[in-house]
Amino acid sequence: MHRERYGLSKKVAFLFLFVVLVLTGCTKQSYSFINSVEEIERIEIVDAKNSMEFTVIKTLSEEEKQTFLESFQKIEFAKYYIGDPMTVSGTAVKITYPDGDYEMICHYWAEYVKNGEIYSVRESCDESEFRELLASYVD
């Protein structure tokens, strides 16, 4: 009987931790850039096959860069910790830093490319909100 209660309490504790992880994983906030916003050298809207293969659709001017960042930071992104890794594809934003490293962000996934190595950034946002913002700079 002692073992049965112990087994049940382990299951309840596991379920509680799982629920806490899921709930904290769904908190929404503005996108968390790898480096500070002040360090962003260039912003491009791209058509990505993946984070290494893409076609630049538009490079934003300095004025556009500032207004884009203001609007982009109003979009709520959710971090998530469960699920298989994906890859960036389709219309995306490429954020480049002075050292050549960059972030590639689409509505369902983001990646950080440092020295040719790809690191997953598990953040996603509302697809229509993301697409509307990008479309406002290319149309």
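Let me sum up the structure you'll find in this document. (Residues numbered from 1 in each chain as written. Predicted model: local features only at pLDDT ≥ 70, side-chain atom pairs only at ≥ 80, totals over all residues. Heavy atoms only, no water.)

Focus on the nonpolar core
Among the nonpolar cores identified, the biggest contains 23 residues, and Y31, F33, I43, F68, F72, I95 and I105 are the most heavily contacted of them. Listing elements by their share of this core, those giving two or more residues are β2 (42-48), α2 (62-72), β5 (90-96), β7 (110-114) and α3 (127-138). The dominant element in this core, judged by the number of residues it contributes, is α3, at four residues. Ranked by size, the runner-up nonpolar core spans 10 residues in total, among them A48, A92, M104 and W109. (Core = buried A, V, L, I, M, F, W, Y, C linked by side-chain atoms within 4.5 Å. Buried < 20%, exposed > 50% of the residue type's maximum accessible area, 1.4 Å probe, protein only. Helix = DSSP H or I, 4+ residues; strand = E, 2+ residues; numbered from the N terminus.)

Quick look at the packing of α2 against α3
Close contact between α2 and α3 brings their axes to 11 Å; oriented N to C, the two are set at 165°. Taken together, the axes of α2 and α3 are roughly antiparallel relative to one another. Pair α2 / α3 crosses with right-handed handedness. Within the contact between the two elements, α2 uses E64, T67, F68, S71 and F72 and α3 uses F130, L133, L134 and Y137. (Axes fitted to C-alpha atoms, helices over the stretch in contact; angles between N-to-C directions. Parallel < 35°, antiparallel > 145°, perpendicular 65-115°, else oblique. Left-handed = near helix turned anticlockwise from the far one by under 90°. Contact = heavy atoms within 4.5 Å.)

Concerning the pairing of strand β8 (residues 117-121)
Sheet topology places β7 next to β8; five bridges connect them, and they run antiparallel. Bridge pairing in β8 places E111 opposite S120. The hairpin formed by β7 and β8 contains two residues between the paired strands, and N115 there has a positive phi angle of roughly 50°. (Pairing = 2+ DSSP bridges.)

Looking at the sheet that holds strand β1 (residues 28-29)
With antiparallel pairing, the three strands of this open sheet are ordered in space as β1-β4-β9. In the strand order of this sheet, the two ends are held by β1 and β9 (123-125), each with one partner. Sheet analysis places strand β4 (residues 77-79) next to β9, joined by three bridges and oriented antiparallel. Directly across from A78, in β9, lies its bridge partner S124.

Structural notes on α2
Along α2, the residues classified as buried are K65, F68, L69 and F72. Within α2, the buried residues cover an arc of 100° as seen down the axis, which keeps them to one side. For α2, the exposed residues set more than 90 degrees away from the buried face come down to E63 and E70. (Arc of directions from axis to C-beta.)

Some details on the pairing of β7
Burial of β7 is extensive: four of the five residues sit out of reach of the surface. Across four bridges, the pairing between strand β6 (residues 102-105) and β7 is antiparallel. Looking at the pairing, E103 lines up with Y112 of β7. The loop that links β6 with its antiparallel partner β7 comprises four residues.

Quick look at the pattern of salt bridges
According to the stated counting rule, one finds eight salt bridges in the structure shown. R42 is the partner of E44 in a salt bridge, and the nearest nitrogen-oxygen pair spans 3.5 Å. For E44, a relative accessible area of 7% puts it in the buried group. Between K94 and E44 there is a salt bridge, and its shortest N-O distance comes to 3.6 Å. (Salt bridge = Lys/Arg side-chain N within 4 Å of Asp/Glu carboxyl O.)

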